[in-house]
Structures are given as C-alpha cells and as structure tokens.
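Fold and contact review
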Amino acid sequence: VLKEALAQAEQANRAKSDFLARMSHELRTPLNAIIGYLYLLKKNSSDEKEQDYIHKIYLSAENLLGLINDILDFSKIESGKLEILEEEYEPMSMFHDLSMIFLNRIGDKDIELLYDISPSMLTRLWGDDQRIRQVVINLMTNAIKYTQSGYVRLRVETETISDEAINLKFSVEDTGQGIRQEDIGKLFNSFQQVDTKKNYKKEGTGLGLAISKQLVELMHGTIGVESTYGKGSVFFFTIP
Ligand code: ADP
C-alpha cells in the first residue's frame, strides 16, 4: 500500500511539474509579442506622457516575463529536465554584457557599481555561460534590490586546478540591509522570502536563490552566503 501511495504521489508531482512547464511556456509566447509591440510603440510615440505609460507597461511586462521564466526553470529543475549546455565562451564579453544589464537595473538608485575582474582571466573558457549569466544576474539583482546606499561589487577570480581546468570564483558584495543569522539557512529554499516586513514593497517570488543553487550544483559548483544584519551581504559561488 505504501509503495502504491508513493508511486501515486510521484505521479502527481510529475503532473504538477509538467503542468507548470507547459503553462509557463504557453504564457511566454503572447507576452513576448506584447513586449515586442510595446517596443515599437515606444519608438513611434512622441508624446511624453504616453512614453511614460509605455515605459511602465514595458517594465511590468519584463517583470512578468522574469517571473514566468523562473517558474519554467524551477519546474524543469524539479522534473530533472534542465540541461547544462557546455560550449566555448568568452568571459570578458560575458562580463561586458552583464555590466550593461546592471547599469539598467540600478536606474536612479544612488549605489556605486564596482567590478573587480581578475587580470589573469582567460580569454576563452568552456562551460554553460547562459546559466552562469543567470546566476550572476540573480545575485546582482538581489544585491541592487536590497541595497539603498553604498555599493554593489562583483568580483571574479580564477583558481588553477590543473593544466586543463580552473575554478571561476564569483562574489557579489553589497552594503545593503543584510540578512538575519536565523534566516540564512532558509534562503536557498524555493518560494522562501525572509524579512518580509521590511521587504513588503519589493517584488519577487522567492525562487531566484533556489534556482541559482540548483544551477550552480548542476554545473558541479558550490554557492554560499555571509551576511551581517544591517550592514550587508556577500553571496559567492564557484564553478569549475
Ligand atoms: P526574491 O524573488 O524574493 O528576491 P530570492 O530567492 O532571490 O527571492 O531571495 C530570497 C530572499 O532572500 C529575498 O526575499 C530576500 O529577503 C533575501 N535576500 C536575497 N538577497 C539578498 C541581499 N543581497 N540582501 C538582503 N536580503 C537578500
């Protein structure tokens, strides 16, 4: 009986993941059309007020797309369907693209963005740069989101393992609100948000860190955090 119940529970869980994956996929198609046409509308509009409205719709649509992508990734990871696709990539061009995204995210917030990329960075590496980008974006977006003043610093170092392999060591340091010691253990759980009283105005699903941890582990790496409440946090991860 127990075996049967277990099989049923697993079947139900699979059905849930499949449903989530299919739904988020179906939601993305019309949303991408909305975003595309908003872009055209924005380009062709000369009215200031209209521009402002379009911009706000655009931000919300992008936000919604981010949430849907998170749900899609989460359900793929849960059902074991997320694949790591390794290929050759150029880390410096990845950092350049990322810096453009962060500049955009920071908007008019009074935070300094600092980059500290090791001078011994190689020109070409082997790995899944799309997934690495995703993790860096998650950590940097959080750092920017939960910091009011001071700085956010992305540091990337290399560590030689052998003639053919290195570790890429990332850290994202912020001078933001920090995380309570008793909350640290919950951070990487799915749908988990902490300090909700302080964060009630901030958008999010509590999926970003759970996905980041899973992605890093699928790439055979490790992820962690150190934080002082009220002072700031450092999130770090290492990927071979
Ligand atoms: P969310 O979508 O809520 O940002 P995450 O999984 O990315 O979800 O983060 C989980 C929770 O961890 C957040 O709700 C927030 O309370 C906390 N958190 C994450 N990064 C930071 C940070 N840099 N500083 C302070 N709190 C953070």
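Scroll up for the structure.
So, here is what we can say about the structure in this document. Just so you know, these numbers come straight off a predicted model, no measurement behind them. (Residues numbered from 1 in each chain as written. Predicted model: local features only at pLDDT ≥ 70, side-chain atom pairs only at ≥ 80, totals over all residues. Heavy atoms only, no water.)

Residues in contact with the ligand amount to 20 residues; listed here are only the nearest, Asn142, Asp174, Gln193, Thr205 and Leu209. The backbone of glycine 206 places a nitrogen or oxygen atom 3.1 Å from an oxygen atom of the ligand. In the model, an oxygen atom of the ligand is placed 3.3 Å from a nitrogen or oxygen of the glycine 208 main chain. Look at the ligand: alone it shows 530 Å² of surface, and the protein chains cover 97% of it. Taken together, the elements giving at least two residues each to the shell around the ligand come down to helix H4 (129-145), helix H5 (208-218) and strand S7 (232-239). Ranked by residue count, the leading element in the shell around the ligand is H4, at three residues. (Near = heavy atom within 4 Å. Polar contact = N/O pair within 3.5 Å; in protein donor to acceptor, adjacent residues only side chain to side chain. Areas by Shrake-Rupley, 256 points an atom, 1.4 Å probe, with all protein chains shown as cover. Helix = DSSP H or I, 4+ residues; strand = E, 2+ residues; numbered from the N terminus.)

A separate point is the side chain of arginine 131. Tracing the chain through its elements places arginine 131 in helix H4. Using a relative accessible area of 15% as the deciding quantity, one classes arginine 131 as buried. Separated by 3.5 Å, the side chains of arginine 131 and aspartate 73 make a polar contact. Residues in contact with arginine 131, not counting those within four places in the same chain, are Asp73, Leu82, Ile84, Leu215 and Met219. (Buried < 20%, exposed > 50% of the residue type's maximum accessible area, 1.4 Å probe, protein only. Contact = heavy atoms within 4.5 Å.)

If you trace the five strands from one edge of the open sheet to the other, you get S2-S4-S5-S7-S6, paired in mixed fashion. Both outer strands of the open sheet, strand S2 (111-117) and strand S6 (222-228), are each paired with one neighbouring strand and no more. Looking at each pair of strands side by side, their axes are set apart by 10 degrees on average, direction ignored. Packed on one face of the sheet, helix H3 (residues 91-106) meets S2, strand S4 (150-160) and strand S5 (166-174) and runs near 170 degrees to S2. Docked against the sheet, H4 engages S2, S4, S5 and S7, running at close to 15 degrees with respect to S5. (Pairing = 2+ DSSP bridges. Axes fitted to C-alpha atoms, helices over the stretch in contact; angles between N-to-C directions.)

Moving on, we come to helix H2 (residues 48-78). End to end, H2 covers 45 Å across 31 residues, agreeing with the expected 45 Å (1.5 Å per residue, within 8%). Along H2, the residues classified as buried are Ile54, Ala61, Leu65, Ile68, Asp70, Leu72, Asp73, Phe74, Ser75 and Ile77. Contact partners of the buried residues in H2: helix H1 (2-44), H4 and H5. A distance of 3.3 Å separates the backbone nitrogen of lysine 49 from a side-chain oxygen at the start of H2, and that oxygen is part of aspartate 47. (Expected span 1.5 Å × (residues − 1).)

Our next topic: the packing of aromatic side chains. The final tally for this structure, using the stated rule, is three aromatic pairs. A centroid spacing of 6.4 Å and a plane angle of 70 degrees characterise the contact between phenylalanine 95 and phenylalanine 170, whose relative ring orientation is edge-to-face. Placement of the pair is phenylalanine 95 in helix H3 and phenylalanine 170 in strand S5, with a sequence separation of 75 residues. Of the two residues examined, phenylalanine 95 and phenylalanine 170, each falls in the buried class. Centroid distance phenylalanine 170 to phenylalanine 237: 4.5 Å. Interplanar angle 10 degrees. Geometry classified as stacked. Taken as a pair, phenylalanine 170 in strand S5 and phenylalanine 237 in strand S7 lie far apart in primary sequence, 67 residues in all. On the accessibility criterion, phenylalanine 237 (1% relative accessible area) is buried. (Phe/Tyr/Trp six-rings, centres within 6.5 Å; stacked < 30°, edge-to-face > 60°.)

With that settled, the discussion passes to the layout of surface pockets. Its boundaries defined by the atoms lining it, the second largest pocket holds a volume of some 290 Å³. The wall of the second largest pocket is formed by 18 residues, among which Leu125, Trp126, Ala165, Ile166 and Pro240 lie closest to the centre. For the lining of the second largest pocket, the secondary structure elements donating two or more residues are strand S3 (125-127) and S5. Per-element accounting of the lining of the second largest pocket gives the leading share, three residues, to S3. Taken together, the residues that form the lining of the second largest pocket break down as 11 nonpolar, two polar and five charged. (1 Å grid on protein atoms, 1.4 Å probe; cavity = no way out; pocket = protein on both sides within 12 Å on 5 of 7 lines; lining within 4 Å. Points joined across faces, edges and corners; volume = space filled by probe spheres on them. Nonpolar A, V, L, I, M, F, W, Y, C, P; charged D, E, K, R; others polar.)

Among the nonpolar cores identified, the biggest contains 44 residues, and Phe102, Val136, Phe170 and Phe237 are the most heavily contacted of them. Top element by residues in this core is H4. It accounts for eight residues. When near neighbours in sequence (up to four residues on either side) are disregarded, phenylalanine 170 contacts Met94, Phe95, Ile132, Val136, Leu154, Arg155, Val156, Phe235, Phe236 and Phe237. Counting residues in each nonpolar core, the second largest holds seven residues, with Leu31, Ile35, Leu38 and Leu65 among its members. (Core = buried A, V, L, I, M, F, W, Y, C linked by side-chain atoms within 4.5 Å.)

To continue, consider the packing of H2 against H5. The description of two packed helices rests on the angle between their axes and on the distance between the axes. Running from N to C, H2 and H5 point in directions that differ by 45 degrees, and their axes come no closer than 10 Å. Viewed along their axes, H2 and H5 adopt a mutual orientation that is oblique. Seen from above, H2 lies across H5 with left-handed handedness. Contacts between H2 and H5 involve Asp70, Asp73, Phe74 and Ile77 on the former and, on the latter, Gly208, Ile211, Gln214 and Leu215. Per-class residue counts for the contact of H2 with H5 are four nonpolar, two polar and two charged. (Parallel < 35°, antiparallel > 145°, perpendicular 65-115°, else oblique. Left-handed = near helix turned anticlockwise from the far one by under 90°.)

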